[in-house]
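# Fold and contact review
In case you want the letters, here they are:
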Amino acid sequence: MSERRIGIIMHGVTGRMGMNQHLIRSILEIRKQGGVALKDGTRLMPDPILVGRNAAKIEQLARRHGVHRWTTDLDAALASQGDTVFFDAASTLLRPKLLQQAIKAGKHVYCEKPVATSLGAAKDLYKAAKKAKVKHGVVQDKLWLPGLLKLAKLRDEGFFGRILSVRGEFGYWVFEGDRQPAQRPSWNYRSEDGGGIILDMLCHWRYVLDNLFGEVRAVSCFGATHIPHRWDEDGKKYKATADDAAYATFKLAGGVIAQFNSSWTVRVRRDDLLTLQVDGTHGSAVAGLRRCFIQSREDTPKPVWNPDIPQPVDFFAGWKEVPEEECDNAFKVQWEMFLRHVAGEGPFRWGLLEGAKGVQLAELGLKSWKQGKWIKVPKL
């Protein structure tokens, strides 16, 4: 069995998401399994080079995980003919410039989202990649989570009947940073640095809704900065200028209504950090990141409103869990698909245009908040 090397420039992998999901659980796991299998029997083997500004930090990361190549010189890495893919998981504010630089160098590009802080910049990236004839992809990881895969299967089997509505609850309490360290970087809470939960999360909800329940046609969004001050990585107090919570409603193709609450200022009392409830004429489902519970029309209880007695119905009892199926890491699955695409095996639907759709929805969500009204979502 022959092996085919593919060099990947990985930028922004000292951060939590880039390191854990993309480097350790995706690229290094693909290497451990012997690469990605191609149709002709060849194994496509990723060969990463880690790029970062802090030499000590990037070298330590490389040594810890047995990665032999690292550098602080991004220009030199992009000039290398032996590395054909550029990946970015650094801050949103820097991403358009970095991707444009990589595209100009003739690299195929794959990146985290949001791809930019404005729709104009996101569209420019798509146009540049198309003109340069390089392949491109944007992380849409939630589509391959076990819980959401189960929702897709239920939809395809007709379990829901006609889907009426979707309700999403996302978030957790991100500590302010004074009494104990925050779980997220401080730039997330400064709008001038590309922060804000509307820009961050509406990009996710766009691809989840478009792919599972119907194309987003209109948005009504209200944002809030519930925590006015936080403390950064050096313990310095700063003003939070970005939204830390968003309350959004979406109108979808086919008449489906979706509501999503997204918050970094909420304490969790639900099954998971993200839960989706889908209600249809024939049945309902509640899914988290991994588990999914269903209630059919036949199993639906018939409650009667009576606040004067203890609730006689156990509303949790009438739900059945969807059986587990073998699922790989969601980030790794999409990495394998993109690498096959780069190797010439089939199309890849989740490119920079899909990334631009996410930025578009976030931009319109911010506009809706500012103007206090519903905003239509034009086709891109």
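Let us look at the structure shown here. This one's a predicted model, so the numbers in the text were calculated from it and none came from an experiment. (Residues numbered from 1 in each chain as written. Predicted model: local features only at pLDDT ≥ 70, side-chain atom pairs only at ≥ 80, totals over all residues. Heavy atoms only, no water.)

Here we come to the sheet that holds strand S13 (residues 257–263). Within a sheet, adjacent strands bond to each other through the backbone by hydrogen bonds, running parallel or antiparallel. Taken in spatial order, the 9 strands make up an open sheet running S17-S16-S15-S14-S8-S13-S12-S9-S18, and their pairing is mixed. Looking at strand neighbours, the two that pair on one side only are strand S17 (320–321) and strand S18 (375–376), the edges of this open sheet. Along the sheet, helix H6 (residues 146–156) makes contact with strand S8 (163–171), strand S14 (274–280), strand S15 (283–287) and strand S16 (292–296), crossing S16 at roughly 30°. (Pairing = 2+ DSSP bridges. Helix = DSSP H or I, 4+ residues; strand = E, 2+ residues; numbered from the N terminus. Contact = heavy atoms within 4.5 Å. Axes fitted to C-alpha atoms, helices over the stretch in contact; angles between N-to-C directions.)

What follows concerns the pairing of S15. Here S15 lies mainly inside the structure; 5 of its 5 residues are buried. Relative to S15, S14 runs antiparallel, the two sharing 4 bridges. The partner of valine 278 across the bridge, within S15, is alanine 285. The antiparallel pairing of S14 with S15 creates a hairpin that spans 2 residues between the two strands. In terms of strand pairing, S15 meets S16 through 5 bridges, oriented antiparallel. (Buried < 20%, exposed > 50% of the residue type's maximum accessible area, 1.4 Å probe, protein only.)

Alignment of S8 against S14, held across 7 bridges, turns out to be antiparallel. Bridging from a neighbouring strand, valine 166 pairs with valine 278 of S14. As paired elements, S8 and S13 share 7 bridges and run parallel to each other. Across the sheet, residue serine 165 finds its bridge partner in S13, namely isoleucine 257.

Okay, the packing of helix H7 (residues 197–212) against helix H9 (residues 352–371) next. Running from N to C, H7 and H9 point in directions that differ by 120°, and their axes come no closer than 7 Å. In terms of their interaxial angle, H7 and H9 are classed as oblique. In this structure, H7 crosses over H9, and the sense of that crossing is right-handed. Between H7 and H9, the residues in contact are Ile198, Leu199, Leu202, Cys203, Arg206 and Asp210 and Lys357, Gly358, Val359, Gln360, Leu361, Ala362, Gly365, Leu366 and Trp369, respectively. Of the residues contributing to the contact of H7 with H9, the split by class is 9 nonpolar, 3 polar and 3 charged. (Parallel < 35°, antiparallel > 145°, perpendicular 65-115°, else oblique. Left-handed = near helix turned anticlockwise from the far one by under 90°. Nonpolar A, V, L, I, M, F, W, Y, C, P; charged D, E, K, R; others polar.)

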